[in-house]
Amino acid sequence: MSSKMLDAFLKENLEDLKDKGLYNVIDPLESPNGPVIKINGRELINLSSNNYLGLATNERLKKAAAEAISKYGVGAGAVRTINGTLDIHIKLEEKLAEFKHTEAAIAYQSGFNCNMAAISAVMDKNDAILSDELNHASIIDGCRLSKAKIIRVKHADMEDLRTRAREAKESGLYNKIMVITDGVFSMDGDIAKLPEIVEIAEEFDLITYVDDAHGSGVLGDGAGTVKHFGLSDKIDFQIGTLSKAIGVVGGYVAGKKELIDWLKVRSRPFLFSTALTPADVVASTKAIELLMESTELNEKLWENANYLKAGLEKLGFDIGNSETPITPCIIGDEVKTQEFSKKLNEEGVYAKSIVFPTVSKGTGRVRNMPSAAHTKEMLDNALAIYEKVGKEMGII
Ligand code: PMP
């Protein structure tokens, strides 16, 4: 028999979410997560995946993963510090450091996990963290876990950052102060102002932490936002995920050797959660090798992104301040946004609506994630559907 208190809690809260239209409906895919997906027997043009370069279904990665399973099996068998570190984990970390132009790197089981691990390994209750208000949930949770004082900074507002950095420094209350930001913001596709952030960090001796989940594989010829700005030697923590452009799963920190050594002895998911599987590790290593060998996929991604963005703007949609392939179509009203996404789906485009509280009230949007794997024909079809639904609903 289950607890009455739990039953009451679940009933009330689930109903509340459903009433507010905030209960996530999950559509299982009956196909790989490629440029076209199959849901409920219907084929849809997929504009919702983070598989920016199409690597999730890349034949060379699949072959590498299959060989890794054949040689090492399906699981690593232990946490990294007991005996879950395989030689291929070390090879992946060496590749990541090379890719990010840093001395060393450490891999984690996910990007989320990585933020939980890395922030709390270095920051504690005697410290402060200056965090952009639009930072990802995993950064927010990582900051909370550290027990450091969290100082929210207005999004991309360098004056606010400078003021708060000065206040924190002059208060004398904190041993260490960190500035933490997404490299690319996932809801709007804008890029963090890293040159200014670095300047402020130098002025106030801040630790710099950039989560480049959406910039790696995308900006800086694929190497990420930090490389895009030529700041590889100025950022202490370069965080990335293996789950988006890299096409697999996992996360990592790249930085100075001493920092990585410290994370290996102090970050809890590294010490207490089983290591990435052989298939993930080898497929990720192969993906990074492909990115370092050639910028072809990266160029294709940008070509497609620019094509889709220009097409949507020409039709009269508001795509906000996006500077990257993440392309929001800002509709505004929450209910209308959800209706728009639903109609796109009925016509053959899978593009998810994102509404309050994930984004601020009145800025509901349908978010589009074009990839290198889309063909022009797919994008043209998607644009034709956008035009039809947009006109029907009086949005354009
Ligand atoms: N950081 C940012 C900025 C992200 O956008 C995401 C993914 N939504 C993550 C971390 C989490 O990465 P992962 O999916 O690998 O856990």
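Reading guide: rules and limits
Residues numbered from 1 in each chain as written. Predicted model: local features only at pLDDT ≥ 70, side-chain atom pairs only at ≥ 80, totals over all residues. Heavy atoms only, no water. UniProt positions renumbered as here; feature names shortened; annotations may be inferred. Phe/Tyr/Trp six-rings, centres within 6.5 Å; stacked < 30°, edge-to-face > 60°. Helix = DSSP H or I, 4+ residues; strand = E, 2+ residues; numbered from the N terminus. Buried < 20%, exposed > 50% of the residue type's maximum accessible area, 1.4 Å probe, protein only. Lys NZ or Arg CZ within 6 Å of the ring centre and 35° of its normal. Near = heavy atom within 4 Å. Polar contact = N/O pair within 3.5 Å; in protein donor to acceptor, adjacent residues only side chain to side chain. Areas by Shrake-Rupley, 256 points an atom, 1.4 Å probe, with all protein chains shown as cover. Nonpolar A, V, L, I, M, F, W, Y, C, P; charged D, E, K, R; others polar. Pairing = 2+ DSSP bridges. Contact = heavy atoms within 4.5 Å.

- Under the annotation held in an unreviewed UniProt entry, the protein chain carries the name Glycine C-acetyltransferase and is attributed to Cytobacillus mangrovibacter.
- According to the UniProt record, the Sequence similarities (unreviewed entry) comment for the protein chain reads "Belongs to the class-II pyridoxal-phosphate-dependent aminotransferase family."
- Database annotation for the protein chain, UniProt heading Subunit (unreviewed entry): "Homodimer."

1. With respect to the packing of aromatic side chains
Phase 1: One pass over the structure, following the stated rule, counts 5 aromatic pairs.
Phase 2: Judged by centre distance (5.9 Å) and plane angle (40 degrees), the rings of phenylalanine 317 and phenylalanine 340 are tilted. You can see phenylalanine 317 sitting in the loop between α13 (296-315) and β10 (327-332) and its partner phenylalanine 340 sitting in helix α14 (residues 334-347), a full 23 residues away along the chain.
Phase 3: Phenylalanine 340 gets classed as buried once you look at its relative accessible area, which sits at 0%.
Phase 4: Through pairs of rings, three or more aromatic residues link up here, namely Phe317, Phe340 and Tyr386.
Phase 5: One residue, lysine 376, lies across the ring of tyrosine 307, its end atom 4.9 Å from the ring centre.

2. A closer look at the site of the ligand
Phase 1: Around the ligand sit 14 residues, and of these Gly111, Asp211, Thr241, Ser243 and Lys244 come closest.
Phase 2: Histidine 214 places a polar side-chain atom, nitrogen or oxygen, 3.0 Å from an oxygen atom of the ligand.
Phase 3: Between serine 243 and the ligand, the recorded distance is 2.5 Å, taken from a side-chain N or O atom to an oxygen atom.
Phase 4: Contact with the protein chains hides 82% of the accessible area of the ligand, taken as 400 Å² for the molecule alone.
Phase 5: With 3 residues, helix α5 (residues 111-122) is the single largest residue contributor to the shell around the ligand.
Phase 6: Looking at side-chain class alone, the shell around the ligand contains 2 nonpolar, 9 polar and 3 charged residues.

3. A look at the sheet that holds strand β2 (residues 42-46)
Phase 1: Here we have 3 strands laid out as an open sheet, ordered β1-β2-β11, and mixed in their pairing. This sheet does not close on itself; its edge strands, each paired only once, are β1 (36-39) and β11 (349-350).
Phase 2: Of the strand pairs in this sheet, β1 and β2 are connected by 4 bridges, and their pairing is antiparallel. Bridged to lysine 38 within β2 is glutamate 43.

4. Some thoughts on the environment of arginine 367
Phase 1: Relative to the helices and strands, arginine 367 is located in strand β13 (residues 364-368).
Phase 2: For the pair arginine 367 and aspartate 27, spaced 340 residues apart in sequence, the C-alpha to C-alpha distance is 17 Å.
Phase 3: Discounting residues that sit within four places of it in the chain, arginine 367 has contacts with Leu47, Ser48, Ser186, Met187, Ile326, Thr327, Pro328, Ala351, Lys352 and Ile354.
Phase 4: Only 2.7 Å separates the side chain of arginine 367 from the backbone oxygen of serine 186, close enough to count as a polar contact.

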